[in-house]
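The chain contents come next:
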Amino acid sequence: VIFFNILDLQKQQYLEGHKVFDVVLFPGAALIETALAIGRWINGDSALRITDLNLEKPLALYTDKKCEYETRIVPKDKGYEGTIASHVGEAAWLI
């Protein structure tokens, strides 16, 4: 399953409050909420647990370019495994 999102600082100006050294970063908590929302979509109201979460790189956002990010979820063992990839403008996708 693939979930796709577009982040645009022109439309989501509240993200401007998440600056670190003058760079807007997409909050890690929002990535966790994305994972939980997908979990609820897949499992309904069942209890959810996230394990082995690893945020390797911050997701930087820019006022002049939209950021696309996608979350891929695949069944694994008795649960699911997910990855998030993103890119800004014409840059290559980063996982």
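Above this note sits the structure.
What you are looking at is a predicted structure, and each value in this text was computed from that prediction instead of being measured.

Looking at this model, I keep getting lost on the sheet that holds strand 6 (residues 79–88). Mind explaining?
In space, the 3 strands of this open sheet follow the order 1-5-6, with antiparallel pairing throughout. Each end of this open sheet is capped by a strand with a single partner; those strands are strand 1 (2–7) and strand 6. Ignoring strand direction, the axes of neighbouring strands in this sheet form an average angle of 20°. When strand 5 (residues 67–76) meets strand 6, the two strands line up antiparallel, connected through 10 bridges. Within strand 6, the position partnered with Glu 70 by the bridge is Ala 85. Here helix 1 (residues 28–43) sits on the sheet in contact with strand 1, strand 5 and strand 6, set at roughly 45° to strand 5.

What am I meant to see in the pattern of salt bridges here?
Here the idea is simple: oppositely charged side chains can pair when their charged atoms come close. Per the counting criterion, the structure on display carries 4 salt bridges. In this structure, Lys 19 and Glu 16 form a salt bridge, with 3.7 Å as the shortest nitrogen-oxygen distance. Judged by relative accessible area, Lys 19 falls into the partly exposed class, the value being 46%. Judged by relative accessible area, Glu 16 falls into the partly exposed class, the value being 26%. Residues Arg 72 and Glu 70 are paired through a salt bridge, measuring 2.8 Å at the closest nitrogen-oxygen approach.

Each value, and the rule that gives it
Residues numbered from 1 in each chain as written. Predicted model: local features only at pLDDT ≥ 70, side-chain atom pairs only at ≥ 80, totals over all residues. Heavy atoms only, no water. Pairing = 2+ DSSP bridges. Helix = DSSP H or I, 4+ residues; strand = E, 2+ residues; numbered from the N terminus. Axes fitted to C-alpha atoms, helices over the stretch in contact; angles between N-to-C directions. Contact = heavy atoms within 4.5 Å. Salt bridge = Lys/Arg side-chain N within 4 Å of Asp/Glu carboxyl O. Buried < 20%, exposed > 50% of the residue type's maximum accessible area, 1.4 Å probe, protein only.

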